[in-house]
Structures are given as structure tokens and as C-alpha cells.
Amino acid sequence: MKNFLSVHDVADINALVKKALAYKASPFSEKALGQNKRIGCLFLNPSMRTRLSTQIAAQNLGMEAIVFNIGSEGWALEFEDGAIMNGTTVEHVKDAAPIMGNYFDILAIRTFPSLKDREEDYSEKYIRQFVKYAGIPVVSLESATLHPLQSLTDVITIQEAIGNQQSAIGNAKPKIVLTWAPHVKPLPQCVANSFAQWINAWGEADFLITHPEGYDLAEEFTRGATITHNQDEALENADFIYVKNWSSYQQYGQILSTDQSWMLTSEKLKLTNNAKVMHCLPVRRNVELSDEILDGTNSIITKEASNRVWAAQAVLSEILQSI
Amino acid sequence: MKNFLSVHDVADINALVKKALAYKASPFSEKALGQNKRIGCLFLNPSMRTRLSTQIAAQNLGMEAIVFNIGSEGWALEFEDGAIMNGTTVEHVKDAAPIMGNYFDILAIRTFPSLKDREEDYSEKYIRQFVKYAGIPVVSLESATLHPLQSLTDVITIQEAIGNQQSAIGNAKPKIVLTWAPHVKPLPQCVANSFAQWINAWGEADFLITHPEGYDLAEEFTRGATITHNQDEALENADFIYVKNWSSYQQYGQILSTDQSWMLTSEKLKLTNNAKVMHCLPVRRNVELSDEILDGTNSIITKEASNRVWAAQAVLSEILQSI
Amino acid sequence: MKNFLSVHDVADINALVKKALAYKASPFSEKALGQNKRIGCLFLNPSMRTRLSTQIAAQNLGMEAIVFNIGSEGWALEFEDGAIMNGTTVEHVKDAAPIMGNYFDILAIRTFPSLKDREEDYSEKYIRQFVKYAGIPVVSLESATLHPLQSLTDVITIQEAIGNQQSAIGNAKPKIVLTWAPHVKPLPQCVANSFAQWINAWGEADFLITHPEGYDLAEEFTRGATITHNQDEALENADFIYVKNWSSYQQYGQILSTDQSWMLTSEKLKLTNNAKVMHCLPVRRNVELSDEILDGTNSIITKEASNRVWAAQAVLSEILQSI
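Residues numbered from 1 in each chain as written. Chains lettered and ligands numbered in written order. Predicted model: local features only at pLDDT ≥ 70, side-chain atom pairs only at ≥ 80, totals over all residues. Heavy atoms only, no water.

Asks: I'm lost on the overall build of chain A in this one. Help?
Replies: In terms of regular secondary structure, chain A is built from 15 helices and 11 strands. Against the compact-globule benchmark of 20 Å for 323 residues, chain A has a radius of gyration of 20 Å, which places it among compact chains. In terms of its C-alpha atoms, chain A occupies a principal-axis envelope of roughly 55 × 45 × 30 Å. Looking at chain A residue by residue over its 323 residues, the buried ones come to 64%. When contacts within chain A are restricted to residue pairs at least 6 apart in sequence, long-range pairs at least 24 apart make up 79% of them. When the accessible surface of chain A is summed, it comes to about 11,200 Å², and 46% of that surface belongs to carbon and sulfur atoms. (Helix = DSSP H or I, 4+ residues; strand = E, 2+ residues; numbered from the N terminus. Rg over C-alpha atoms; globule rule 2.2 N^0.38 Å. Buried < 20%, exposed > 50% of the residue type's maximum accessible area, 1.4 Å probe, protein only. Contact = heavy atoms within 4.5 Å. Areas by Shrake-Rupley, 256 points an atom, 1.4 Å probe, with all protein chains shown as cover.)

Asks: Is there a simple way to explain the side chain of Gln231(A) in this structure?
Replies: All names here are of chain A. Tracing the backbone shows Gln231 in helix 11 (residues 231-235). Of the residues examined, Gln231 reaches a relative accessible area of 5% and is grouped as buried. In this structure the side chain of Gln231 is engaged in a polar contact, spanning 2.9 Å, whose partner is the side chain of Thr179. Leaving out residues up to four positions away in the same chain, Gln231 has contacts with Thr179, Trp180, Thr210, Ser261, Trp262 and Lys268. (Polar contact = N/O pair within 3.5 Å; in protein donor to acceptor, adjacent residues only side chain to side chain.)

Asks: Sorry, what's going on with helix 9 (residues 190-202) of chain A here?
Replies: Structurally, the α-helix is built with 3.6 residues per turn, so residues lying three or four positions apart point the same way. Residue and element names in this part refer to chain A. Over its 13 residues, helix 9 extends 18 Å from the first C-alpha to the last, a length consistent with the 18 Å expected when each residue adds 1.5 Å. The set of residues buried in helix 9 consists of Cys190, Val191, Ala192, Asn193, Ser194, Phe195, Ala196, Gln197, Trp198, Ile199 and Trp202. Gly203 lies just past helix 9 and shows a positive phi near 75 degrees. (Expected span 1.5 Å × (residues − 1).)

Asks: Can you walk me through the pattern of salt bridges in this structure?
Replies: Pairs can form between side chains of opposite charge whenever their charged atoms are close. For the structure shown, the criterion picks out 45 salt bridges over all chains. A salt bridge links Glu91(B) to Arg49(A), with the nearest nitrogen and oxygen atoms 2.8 Å apart. One end of the pair, Glu91(B), is in strand 4 (residues 91-92); the other, Arg49(A), is in helix 2 (residues 49-60), on a second chain. Note that Arg51(B) is salt-bridged to Glu73(C), the shortest N-O span being 3.5 Å. Here Glu73(C) lies in helix 3 (residues 70-73) and Arg51(B) lies in helix 2 (residues 49-60), a pairing that spans two chains. A relative accessible area of 9% means that Glu73(C) is categorised as buried. (Salt bridge = Lys/Arg side-chain N within 4 Å of Asp/Glu carboxyl O.)

Asks: How should I be thinking about the UniProt feature "domain: Aspartate/ornithine carbamoyltransferase carbamoyl-P binding" (unreviewed entry) in chain A in this particular structure?
Replies: Within this numbering scheme, the UniProt entry marks residues 2-160 of chain A as carrying the feature "domain: Aspartate/ornithine carbamoyltransferase carbamoyl-P binding" (unreviewed entry). In the segment residues 2-160 of chain A, helix accounts for 43% and strand for 15%; the C-alpha atoms at its two ends are 27 Å apart. (UniProt positions renumbered as here; feature names shortened; annotations may be inferred.)

Asks: For this particular structure, what's the right way to read helix 1 (residues 13-25) of chain C?
Replies: Residues and elements named next belong to chain C. The terminal C-alpha atoms of helix 1, which comprises 13 residues, lie 19 Å apart, in line with the 18 Å expected from a rise of 1.5 Å per residue. Those residues of helix 1 that fall on the buried side of the exposure criterion are Ile13, Leu16, Val17, Lys19, Ala20 and Tyr23. Angularly, the buried residues of helix 1 cover 160 degrees about the axis, an arc narrow enough to put them on a single face. Among the exposed residues of helix 1, those pointing more than 90 degrees away from its buried face are Lys18 and Ala25. (Arc of directions from axis to C-beta.)

Asks: Help me understand the sheet that holds strand 8 (residues 206-210) of chain B in this model?
Replies: Picture the strands of a sheet paired through backbone hydrogen bonds; they go either parallel or antiparallel. Residue and element names in this part refer to chain B. The strand order 9-8-7-10-11 describes an open sheet built from 5 strands, whose pairing is parallel. Strands at the two margins of the open sheet, each flanked by one partner only, are strand 9 (226-228) and strand 11 (276-278). On average, adjacent strands in this sheet sit at an angle of 20 degrees to one another, irrespective of strand direction. (Pairing = 2+ DSSP bridges. Axes fitted to C-alpha atoms, helices over the stretch in contact; angles between N-to-C directions.)

Asks: What am I meant to see in the relation of the copies chain A and chain C here?
Replies: In this arrangement, two copies of a chain are superimposed by a rotation about an axis accompanied by a shift along the axis. Its rotation angle being 120 degrees, the transformation that places chain A on chain C also includes 0.0 Å of axial translation and leaves an RMSD of 0.0 Å. What we have between these two chains is a three-fold relation. Of every C-alpha in chain A, the one belonging to Ser72(A) sits nearest the axis of rotation, 5.3 Å from it. (Least-squares fit on C-alpha atoms with pLDDT ≥ 70 in both.)

Asks: Any chance you could explain the interface of chain A and chain C here in plain terms?
Replies: One frequent convention defines the size of an interface as the accessible area lost when the parts assemble. On the chain C side, the residues contacting the 28 residues of chain A number 32 residues. In total, chain A and chain C occlude about 2,700 Å² of area from one another, counting both sides; carbon and sulfur atoms represent 57% of this. Of all residues in chain A, Glu73(A), Trp75(A) and Tyr103(A) give up the largest surface area on contact with chain C, accounting jointly for 24% of the area buried on that side. For the pair chain A and chain C, the number of links is 4 salt bridges. Here chain A is connected to chain C by 16 residue pairs in polar contact (both at pLDDT 80 or more). Elements with a contribution of two residues or more to the side of chain A that touches chain C: strand 2 (64-69), strand 4 (91-92) and helix 4 (93-103) of chain A. In terms of residues, the side of chain A that touches chain C owes the most to one element, helix 4 of chain A, which gives 8 residues. (Buried area = accessible area lost by both parts, 1.4 Å probe.)

Asks: Can you help me understand the interface of chain B and chain A in this one?
Replies: With 28 residues of chain B at the interface, the matching set in chain A holds 32 residues. Both sides of the chain B and chain A interface together cover about 2,700 Å² of buried area, and 58% of this is carbon and sulfur. On the chain B side of the interface with chain A, the three residues burying the most area are Glu73(B), Trp75(B) and Tyr103(B), jointly 25% of the side's total. Put simply, chain B and chain A have 16 residue pairs in polar contact (both at pLDDT 80 or more) between them. Counting only elements with at least two residues in the side of chain B that touches chain A, the list comes to strand 2 (64-69), strand 4 and helix 4 (93-103) of chain B. Top element by residues in the side of chain B that touches chain A is helix 4 of chain B. It accounts for 8 residues.

Asks: I tried to follow the state of the cysteines on my own but got confused; where do I start?
Replies: Structurally, a disulfide amounts to a covalent bond that connects the sulfur atoms of two cysteines. Under the criterion given, the structure shown has 0 disulfides over all chains. In this structure Cys41(B) is not part of a disulfide, and its nearest cysteine sulfur, from Cys41(A), lies 17 Å away. What makes Cys41(B) buried here is its relative accessible area of 0%. (Disulfide = S-S within 2.5 Å.)

Asks: Explanation requested: the packing of helix 4 of chain A against helix 6 (residues 125-134) of chain A in the structure shown.
Replies: The relative placement of two packed helices is expressed as an angle between their axes plus a distance between the axes. Residues and elements named next belong to chain A. Contact geometry for helix 4 and helix 6: axes closest at 8 Å, N-to-C directions at 55 degrees. In terms of orientation, helix 4 lies oblique with respect to helix 6. Crossing angle aside, the handedness with which helix 4 passes helix 6 is right-handed. Between helix 4 and helix 6, the residues in contact are Val93, Lys94, Ala97, Pro98 and Gly101 and Gln129, Phe130, Tyr133 and Ala134, respectively. Per-class residue counts for the contact of helix 4 with helix 6 are 6 nonpolar, 2 polar and 1 charged. (Parallel < 35°, antiparallel > 145°, perpendicular 65-115°, else oblique. Left-handed = near helix turned anticlockwise from the far one by under 90°. Nonpolar A, V, L, I, M, F, W, Y, C, P; charged D, E, K, R; others polar.)

Asks: Hey, could you run me through the packing of aromatic side chains in this one?
Replies: Both the distance between ring centres and the angle between the ring planes are used here to describe each pair of aromatic rings. Counted under the stated rule, the structure contains 27 aromatic pairs over all chains. Between Phe195(A) and Tyr242(A), the ring centres sit 4.1 Å apart and the planes meet at 25 degrees, which makes this aromatic pair stacked. Linking Phe195(A) in helix 9 with Tyr242(A) in strand 10 (residues 240-244), this pair joins segments that are 47 residues apart in sequence. The exposure class assigned to Phe195(A) is buried, which follows from its relative accessible area of 0%. Between the aromatic rings of Tyr122(C) and Tyr252(C), the centroid separation amounts to 6.1 Å while the plane-to-plane angle is 75 degrees, which identifies the pairing as edge-to-face. Residue Tyr122(C) is found in helix 5 (residues 118-122), and its partner Tyr252(C) is found in the loop between strand 10 (240-244) and helix 12 (266-269); the two are separated by 130 residues along the sequence. The two residues Tyr122(C) and Tyr252(C) agree in class, both being buried. Here the aromatic cluster, defined as three or more aromatic residues joined through ring pairs, consists of Phe79(A), Tyr126(A) and Phe130(A). A cation over a ring is seen here: Arg51(C) above Phe43(C), with NZ or CZ 4.2 Å from the ring centre. Just above the ring of Tyr249(C) sits the side chain of Arg118(C); from NZ or CZ to the centre is 4.0 Å. (Phe/Tyr/Trp six-rings, centres within 6.5 Å; stacked < 30°, edge-to-face > 60°. Lys NZ or Arg CZ within 6 Å of the ring centre and 35° of its normal.)

Asks: I keep staring at the domain arrangement of chain A and nothing clicks. Help me out?
Replies: Residue and element names in this part refer to chain A. As assigned here, chain A comprises domain 1 (7-146 + 308-322) and domain 2 (150-305). Placing the centre of domain 1 and that of domain 2 at their C-alpha centroids yields a distance of 26 Å. Contacts between the two partners involve 26 residues from domain 1, matched on the other side by 32 residues from domain 2. Counting each side, the surface lost to burial between domain 1 and domain 2 is near 2,500 Å², with a carbon and sulfur contribution of 64%. Broken down residue by residue, the surface that domain 1 buries against domain 2 is led by Leu115, Tyr122 and Arg308, which jointly contribute 27%. Our enumeration of links across domain 1 and domain 2 arrives at 1 salt bridge. Between Glu160 and Lys24 there is a salt bridge, with the nearest N and O atoms lying 2.7 Å from each other. Along the contact surface separating domain 1 from domain 2 lie 11 residue pairs in polar contact (both at pLDDT 80 or more). The element contributing the most residues to the side of domain 1 that touches domain 2 is helix 1 (residues 13-25), with 7 residues. Residue classes in the side of domain 1 that touches domain 2 are distributed as 14 nonpolar, 4 polar and 8 charged. (Domains from an automatic or database assignment.)

Written as C-alpha cells, this is what we have:
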């Protein structure tokens, strides 16, 4: 694996999931692999799970991880080609990235979208410039439009749950529903885009997406899924429900609905096949998801977040083996 | 040891002090103990000594330490049960703590009091929720009402000094005085509460507390100590003077006095048995303590702060042995 | 080597350069040297290259590096002797530094000038107090007036380039020109002072400094160099051009010129002996240096920044051997 920016960088999803679960069973089995290798974790935005799990994954492989909060500990970066830098940005990515490329063996980066300029966000301008100028493998810790480490974790968690409840699902494909949920702030489409992209690429599920009108995700990610505005219909007989808010893609970055009836409740769970509930976290309790769901037995959200370590470890391992 | 939140978690204070002094003599003697173990150090508030000494202690034991400034690097946490999270908090401790519990083997947390709601602060709501939801040992790096790593350090430092000046004290118990000092800001009662709790539990001192009227600490911590508003009387023949400001417990969080006559001076030291002077740091020079004391030969404050490493190392060692 | 604050701490520049290049060829050759040794990296100001390269250098030598952003993660420091600390500073360097000295084996510090009080800045009050009170070796990560790790890197990079293009320069000394460049903010004189100090001490170059009127650097650093206000004349036949902005030393901290004709261009490069272009970074593109230069083949700026690791590693190695 050269970079890890989206599902397109993965040759075999199931093999990667298997590798991750092997690390979960035996975290330190390959501590020599990363000997004298170093990962730089660059944060242009806040992060908890991604920040911690990536450091832990690197350490499990014997790598050294150095974290750098580029905005607060360093300088504001410029990404415009040809910019006359007489404003607030202090350093151009063209100058910073090649140096990172010399300091580290792998570069991991978190960089959120502006949610103001769709074309710019969807060009993945920021992370693509790091790839272009760093000259070493780049791992997305969530970029403007995707969050592949989260999605890999999600597939791992679904696979684990299926293994544990095979009898419930039987030999059929599990039914997975991605449902929009309300939120108080305009959020990126990353997690939803990425989940759709991965579940479609994985191909081992009956996959539905449900959301209010105006919340259609970009077709490049959803193609292959059934899309409906009728949440109840979507939830029927679902085995997994992935709950997530996102702001509108069409009316870019806007909040079009705060309709609380879209919040998943225990009542709605009754429509499902005793579905497992997932969320990437952080979650706004009693806005996106009710306490009863989060604290109930159907939630596999803590497991999901804990699997972040093994997803990251599998990805870093693949990259280490290629350098 | 399961958690380290107060003196109540310690089975044998003297044994723990002895262990700390053994590490001081030989810091790397148990570097295999923490092999493949990981401590997460969560800071909801600033920290220097605690931050650095805990990382060092962990490394001395061969552990990996990961520091996370949760407010600035991650998300603001919610601690209210049942909250409808449509405000500024982004993640509930109920969701964050279990994940920390899966990522780490030990969780260390600093969380200051609000100084606004005494009942809430004294319920130790924040750190107790981490204990409740993390499911792994939790070490207090200073909580709303206590600072046990500081107090353990203080007992270690007193024990060391007694060893070094046995002749001066003789066979009698040392006289230890905790004296209030002025400050420009309302400070927590943590260090004073905790010092009182530990010295009382230790039981090997003649222990007095002196402060202006209105500054009585909670009785649960001071019970066993002699309390007086007459500083001069308290200082008479003292062997150790612990200087510390705290805001009022009764008129909760308020500054009732800025009386500079409470600042310890060389003149006042003459009342004592050439007492050693202690302070937890940071100290406001010439407000809490004069330059002449801080720069004089009676101060053992640097030693005290340096012993923070060995206190933390002894505690982490005890916990590692129990997991 | 006891401290690393300026070129005066270096017994033999060429030997240190040679050591750095040996580490570049074999980064992990002395990983046992720093075993159980610890460096504390204190940042009172932002940093990217220095922050990352120092951590990497320490790890390459087997040391543990602990980073501490003292202002944001800890407390604001007081540096005035005798201060009555009833304002915004929380801890005196006299109290903090000795503890750092006990926690670490080496202390590395970044502390910028105020650019308001020249006498204070040029007394190097901040870093000198750390040296005075810490009691362990101190490494400057850039202080009020100097940036020795940058300058060592610069000499390493020049030496490397000379090795690679010996035929071009022949047996003569290379001509090195330090040229002022415009900038939008008042910058410290550190990098320019330090570069001048090192090139003069190195003695193996024909060294010129060129800048607009009013931008003369302190003579203690420039003595030995030819100084001219005619940039074109200075650039003639130059082998290396070091581009850097600084604010005025005479009219302390002020911007006296924003004359864009001082920005190096490809046109000006024609005056030189196909000179290599250097800059310490971060650089304001198209203000200090044009895109055409930065993206062109004459720039050795990425190499220069990458050499920061080997400079730091050589310095830490020298210090480790002396403790």
C-alpha cells in the first residue's frame, strides 16, 4: 500500500480486515516491523480517537510516532499555488511537505473541509498537496471528503459482529442502513461519504441510505446503494444501523433540517432485526442519538471506536511492508 | 492498588514512600514492568510538574505515555447525565471514557474544580465518572478537591529530610504546620485538603493548620489536626512549614483575605526549629512566599518538586503489579 | 560540549559538521548513547522544523524526548528578579528551571525576543536564566538573538554542496552572501546574526552581507564580513546566497523598508556563479523569495531544512558524551 486516502488504495478489503483482527488478537506480534521507522501525525484540526489510536497502532508496530498540531504549535499553512504570502499564512505546503517527507517515513494528516467551497473541498486540495510534495506514503486521518480509517474500522466491526451473531443473520447478506441524524452544527460529509464508499466496495451487504430531502451525498460514493427518504421503511429488518449527521452536499455546507423525528429511538429499533447501532463519535447525546440507544445493548459504538487501533495498525503495517 | 484518587487507595503509606525512595536510588531498576503497557495522560487543565513527572515515571518503568490535552487538541466534554447536547460540549464522558479504557492500561487525569458549586466539586463528579466509565485504573493528576500525587511527594520529602536531620528532631514526632498564604487569585483547596488528609493518615507528625478566619478546610480532611488562627503560635518550634494559598471553603471559592502579614518571612522562620519550608509550586514570589525564603537554605521546595517523579513511579508500579 | 547557545560553545566547527554528516549517512549508529537519558524540549514560541528535528535527533540517539509548550500547556513564566508576582505570570524561572534540571539530562529551549527592548533581548535574559538555574546542559532552539542549530545546519549544507560541486568553486573559498529580503512582519535578527557569527567563525568563505540602509546587524556578529547596501554588487559571482528578512537593529524591531526590489529573482541569480539559494524557513513566498527561485534548481532549501536533524543529532551527541 502506497497511500491510504480512500478505499481505492486497498487491494483486498477482507484481507485488510483479517489483518486488523489478527492484530487485535495479538497486538505486539510484529513489533520489529516498525523498528527505526517514524510516523509524523499532523493535525490541522481537533482529534481524539484518530489521534490516540494512530499513535498506539504505530507504537504497537515498534514505530516512533511524533504528533504535531500544526496550527497551534507551528505555523498556519498556505495551499494556494502562486500566492503572494503577505497575509496570515506563514508557510506554503510546497515548502513544509517535502521536509516532513525527509523527517518521517510515513505522514498522517487530518485536514477538515471549509464547507464553503464545494469544488475546492471535493478536489481534496489539502491532502493531495501533501501527497504531491511529501514524497512519502500519506495516511488520511480524515480529509475534506473522506475518513477511510473510520470506514475500515466500521467494516471490521461489522465483520466481527457478524461472526458473533451468524445465526441471527444466517447466510444472507446483512442489511446495513446509513441514516442521517439531526445535529446543531453543519458537519462534513466525510464519514457518510466514506462509509458509503467502503460498504459499496466491500459488496457483502444489502446497503441502504436514508436521509431527508436535500441531503443526497455525492453519487461517486453512494452508487450501488438504495436511497430513500423514508427512514422507517429503510430500517425494516436492518441488521446494522449507522447513524450520522452531515450537512447538505447540494446546498453545500448548509443545515436544511433539524427534524428531531430523524433521531433514532428504541421505538424505531423495533422495526429492525434487533440491529446493532453504530456511530463514529463524537456524538451529541439526545440530539443525534438518544441515551436509551447509546446506553442500550444494541450499541456497538464503543467496540467500533476501540477497533480504530487495529484498523490503523493494519494500514501502517501494509505501508511499512511496502517501503 | 486499583485507583489512586486519595490516601484511601493506599494500603501502607510508609511502604509506598520506601518504594519511591528505592526508585529514586535506582530509577531504571524495573524497566521491564511496564513493557507493552500504556498510560493515557488526560489534561483538562494546565500542568507542568505533574505532566512531566508522570511521563518520566511511566518511561522509567518501560511504559509508553501518551499525553492528550483534551480541551485544545480534542473536544469539550459533557458530564451531565441525560444532557441534551445542543450546546458547546461535543462529547459525553460516558462515550469517551470507555474508549480510553480500551486504548490504555492506566488512565491519568487532571480536572480542576469550578470553584462555583461546592457540592458538585466535592462530589468529584468529573474524575468519578472517568472511574465509572473507563473500566481501568485511574490516577488523579489533581482533581476537584485533592492532589494525592503531590501529597505522596510531600510525605516522601518530609521522610527524606527527617532521615537527613534526625539529630535535629530527635526521637519526637516532627512538628508540621500547614499555613495559609495570600494569593491574587481564588485557588482550589485541593493541595491543602490532600496534604491534611495524608499527614493525618500518616500519623507520624504533630500536625497543625493555621489560617485566617473563614478559611477552614472541610473537616473530613482536617480531622486530627490542631487548627488555629494564630500563625505565630503555630510556627513555634515547627520542623516543617507547608505554605499554600486556598480560597474559602465556607464562602465557597471566595477570597476573604489578602493580608500580606500571612506571607512567611525570615523573621517568622526564627520562631521555628529551623524549619524546612515546603510548597507545591507554582508559587507567586513575594505574594505567597518571599524571595528570601525561596532562595534561602530552609527551602526544600526544589527537592519536593523533583520527588514528584518517584511518587508517580511508585504509584504506577503498584498499579502495574495489580493488572 | 556543555551548552549549545552560540558558536562559542563549539570547539571545532568542521569536526561537528563531519559528525553531523556521519549521522546523516548512518542515523542509528549510536542508538545506545542516549539510553536512559532524557531531553526536555520547552517551547515558549511556535516551532516546526526545530521541534520535529530535535525530537528525531534525540530518538535517533536512543534518548527520550518530552515536548512541553510552556505557555499553552503550563504556566506563564516570570523572568524579573525580585518581581512581586501579583500579575499574569504564574511561575518564576528561578523555581521552574531547577526542577527541569532534575527531571531532564538536557534542556532545549525556544524563546523569542520581544523586539521592544533591545538591551533586554541582547542580554539573552531568558535563556541565560535557564542556564543559570537549570544546572544541566542547555541547547538553544532559537533564543532572542541567535539560532545556532540553524547556523550549524547552514554550514553543514554549504559543506555538502561544496563537496558536490567542488569543480565549480575550485580551490578558492566559496563566496557567500547574506542578503536581506522584504517581509510583512517585524522579525527577529536571530537567524541573520547567527549565520554571520558562524560563517565568520568558520573562516572558510569570502563572506558579504547586503541590506538596505538602517538594517546593519550588531557588529559583534558581523565583524569580519564585508557589508554593502548594493545588492547587485554583492551577488556578483556568489556561490551561495542566504536570503533572510530581519527587522532593524538600530531602530530596534522596526520595519524600515518593504522595498520589493530586494526580493531575489531569477534575473538577479544571473549575476551569480549559478549560486545555491538558502533560507531557514518558514518563507513568505513571493514576498521574501519568488516561486521561480523556490521551485527552481538553485534552491537547496529543502536539503537545508532536512539537515536540521543531523545538526541536532551532532550537538546532542557531543553533550551526551560530556555528561
